[in-house]
There are 4 protein chains.
Amino acid sequence: MKANRDEVLRRLRRIEGQVRGLQRMVEEDRYCIDILTQLAASRAALTQVGMQVLDAHARGCLTAAVQSGQSEPAIDEFLDALERFMK
Amino acid sequence: MKANRDEVLRRLRRIEGQVRGLQRMVEEDRYCIDILTQLAASRAALTQVGMQVLDAHARGCLTAAVQSGQSEPAIDEFLDALERFMK
Amino acid sequence: MKANRDEVLRRLRRIEGQVRGLQRMVEEDRYCIDILTQLAASRAALTQVGMQVLDAHARGCLTAAVQSGQSEPAIDEFLDALERFMK
Amino acid sequence: MKANRDEVLRRLRRIEGQVRGLQRMVEEDRYCIDILTQLAASRAALTQVGMQVLDAHARGCLTAAVQSGQSEPAIDEFLDALERFMK
């Protein structure tokens, strides 16, 4: 979990840098298509972080909840989060 | 275009703040589901910015290219950007 | 599970009808935007069916696997399926 | 446009077959993960058809509208269709 947390933080810092880079691109009136390409990259990077958090959650909290007989509310919550994420 | 640029910049700054907030959430070991919900919000916000840039591009560069008889390469480029963005 | 199966089948039959309707629209040279709108509806309907199958799987096979101490391979498989589905 | 239409029809027929195959898989109680994998493939195939229709529309109707000075309503309509499709 610790290794996973450091990896998630590293990725979020990189995404923060990309979003700052995007602001510069807009301020410098860079070509729309280049801005879109960078936006697509940042969005894909956020999706990747989401998959990593889903993974950690499924192996951690969700597994623990099922093992302790609390599977119903844990699975409801997991699927709700998933549905929000897929929109 | 100027109004649109200011709006895009405002949104990107808000997304940058959300991504920094996400880093804090991870550092403070906040609940995965709350992190996922915030990730989904930032991702949706980036999608919205993308739609706004697509809009500006379609009304600006793309329209100008079609009017000056350069529609083919401009549409190729637009659809490629769209495809990358939809992944 | 039986009720869920019937609901999934009902939705898939409706999607099959939509896809046949799309073929007619294309054959009759209907307006692209109307075709796109119907394509978007069919795609959203398939996503909904996917969420329902994910739900049934999480409550059924995945919960059973975790309870019987087989959580690792079951969660790997679940997240792989999810990743393919989100593309 | 004719070649594109035939290709779109061919793809839609294949998707119809996949959706019928999905119904059989559900009736035969096939493993959820296999059903999800097939659902993801059909959904990706519909997305591909959507991109092809967007392409035909951009090169055909949209270009014609811009050339005849009707770019505003045509681009509004195009971006609305795109937004519905990306959901």
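Small disclaimer: the values here were computed from a predicted structure and weren't measured.

Below, the discussion takes up the overall build of chain A. Within chain A, the secondary structure is distributed over three helices and zero strands. Of the regular secondary structure in chain A, the N- to C-terminal order runs α-α-α. Overall size of chain A, expressed as C-alpha extent along the three principal axes, is 55 × 30 × 15 Å. Considering chain A as a whole, with its 87 residues, one finds that 49% of them fall into the buried category. When the accessible area of chain A is evaluated, it comes to approximately 4,000 Å², of which 49% is carbon and sulfur surface. Both charge centroids of chain A, one from 13 positive and one from 13 negative side chains, sit 7 Å from each other.

On to the relation of the copies chain B and chain A. By a simple turn and slide, chain B fits onto chain A: the slide is 0.0 Å along the axis, the RMSD is 0.0 Å, and the turn is 180°. Those values place the two copies in the arrangement expected of a two-fold rotation axis. When the interface residues of chain B are mapped onto chain A, 100% of them are again interface residues, pointing to one common binding face.

Turning our eyes to something else, we now look at the interface of chain C and chain A. Contacts between chain C and chain A engage 20 residues on the former and 20 residues on the latter. Roughly 1,800 Å² is buried in total at the junction of chain C and chain A, and carbon and sulfur atoms are behind 71% of that figure. Summed over the three residues of chain C that lose the most area to chain A, namely C:Met51, C:Arg59 and C:Met86, the buried surface amounts to 32% of that side. The interface formed by chain C and chain A includes four salt bridges. A salt bridge links C:Asp76 to A:Arg59; the shortest N-O distance between them is 2.7 Å. Linking chain C with chain A are four residue pairs in polar contact (both at pLDDT 80 or more), by the criterion used here. Every element with two or more residues in the side of chain C that touches chain A is listed here: α2 (32–67) and α3 (71–86) of chain C. Partitioning the side of chain C that touches chain A into residue classes produces ten nonpolar, five polar and five charged.

It is worth spelling out the side chain of D:Arg43 at this point. Examined against the element boundaries, D:Arg43 turns out to sit in helix α2 (residues 32–67). We note that D:Arg43 is buried and unpaired, the nearest opposite charge coming from A:Glu83 at a distance of 11 Å. A polar contact is formed between the side chain of D:Arg43 and the side chain of C:Thr47, at a distance of 2.7 Å.

So, about the arrangement of the chains. With no contact formed, the shortest span from any C-alpha in chain B to any C-alpha in chain C equals 6 Å. The smallest C-alpha distance separating chain A from chain D is 6 Å, and no contact links them.

Secondary-structure assignment places A:Arg84 in helix α3 (residues 71–86). Not counting the four nearest positions on each side in its chain, A:Arg84 is found in contact with B:Ile33, B:Thr37 and B:Ala40.

As a further point, take the interface of chain B and chain A. Each side of the interface is counted separately: chain B has 38 residues, and chain A has 38 residues. On the chain B side of the contact with chain A, B:Leu36, B:Arg43 and B:Leu46 bury the most area, a combined 17% of that side's loss. The partner of B:Arg20 in a salt bridge is A:Glu16, and the shortest N-O contact between them spans 3.0 Å. Connecting chain B to chain A are 16 residue pairs in polar contact (both at pLDDT 80 or more).

Residue and element names in this part refer to chain D. Taken as a whole, this structure holds 36 salt bridges over all chains when the rule is applied. Of the charged contacts in the structure, one is a salt bridge between Asp 55 and Arg 59, with a shortest N-O distance of 2.7 Å. One end of the pair is Asp 55 and the other is Arg 59, both in helix α2 and four residues apart, which spans about a single turn.

With that out of the way, let us pick up α3(C). Count 3.6 residues to each turn of an α-helix, and residues three or four apart come out pointing the same way. Here α3(C) is 16 residues long and its end C-alpha atoms lie 22 Å apart, about the 22 Å a rise of 1.5 Å per residue gives. Buried within α3(C) are the following residues: C:Ser71, C:Ala74, C:Ile75, C:Phe78, C:Leu79, C:Ala81, C:Leu82, C:Phe85 and C:Met86. The arc enclosing the buried residues of α3(C), seen along the axis, measures out at 160°, which places them on a common side. Buried-residue contacts for α3(C) involve α2 (32–67) and α3 of chain A, α2 of chain C together with α2 of chain D.

All right, on to the confidence of the model for chain A then. For chain A, the mean per-residue pLDDT works out to 92, and 99% of the residues sit at or above 70. At the level of individual helices and strands, chain A shows its lowest average pLDDT in α3(A), which scores 89, and its highest in helix α1 (residues 2–27) of chain A, which scores 95.

A few words now on helix α2 (residues 32–67) of chain B. All names here are of chain B. The first and last C-alpha atoms of α2 sit 50 Å apart over 36 residues, in line with the 52 Å expected at 1.5 Å per residue. Taken as a whole, α2 carries its principal kink of about 40° at Ala 58. Where α2 terminates, the next one or two residues include Gly 69, which has phi positive at roughly 80°.

Further remarks concern the side chain of C:Ser71. Mapped onto the elements of the fold, C:Ser71 is located in helix α3. With residues near it in sequence (within four places) discarded, C:Ser71 still touches A:Thr63, C:Ala65 and C:Val66.

Another point: the packing of aromatic side chains. A complete count under the given rule lists two aromatic pairs over all chains for this structure. Here the aromatic rings of A:Phe78 and C:Phe78 are separated by 5.9 Å at their centres, their planes lie at 40°, and the arrangement is tilted. Of the two residues, A:Phe78 sits in helix α3 while C:Phe78 sits in helix α3, which places them in two different chains. Grouping residues by exposure puts A:Phe78 and C:Phe78 together as buried. In this arrangement the basic side chain of B:Arg43 is found over the ring face of A:Phe85, its NZ or CZ atom lying 5.1 Å from the centre.

Cut-off values and rules
- Residues numbered from 1 in each chain as written.
- Chains lettered and ligands numbered in written order.
- Predicted model: local features only at pLDDT ≥ 70, side-chain atom pairs only at ≥ 80, totals over all residues.
- Heavy atoms only, no water.
- Helix = DSSP H or I, 4+ residues; strand = E, 2+ residues; numbered from the N terminus.
- Buried < 20%, exposed > 50% of the residue type's maximum accessible area, 1.4 Å probe, protein only.
- Areas by Shrake-Rupley, 256 points an atom, 1.4 Å probe, with all protein chains shown as cover.
- Lys, Arg positive; Asp, Glu negative; His and termini not counted.
- Charge placed at Lys NZ, Arg CZ, Asp CG, Glu CD.
- Least-squares fit on C-alpha atoms with pLDDT ≥ 70 in both.
- Contact = heavy atoms within 4.5 Å.
- Buried area = accessible area lost by both parts, 1.4 Å probe.
- Salt bridge = Lys/Arg side-chain N within 4 Å of Asp/Glu carboxyl O.
- Polar contact = N/O pair within 3.5 Å; in protein donor to acceptor, adjacent residues only side chain to side chain.
- Nonpolar A, V, L, I, M, F, W, Y, C, P; charged D, E, K, R; others polar.
- Expected span 1.5 Å × (residues − 1).
- Arc of directions from axis to C-beta.
- pLDDT = per-residue confidence, 0-100.
- Bend = angle between axes of the 7 residues up to and from the residue.
- Phe/Tyr/Trp six-rings, centres within 6.5 Å; stacked < 30°, edge-to-face > 60°.
- Lys NZ or Arg CZ within 6 Å of the ring centre and 35° of its normal.

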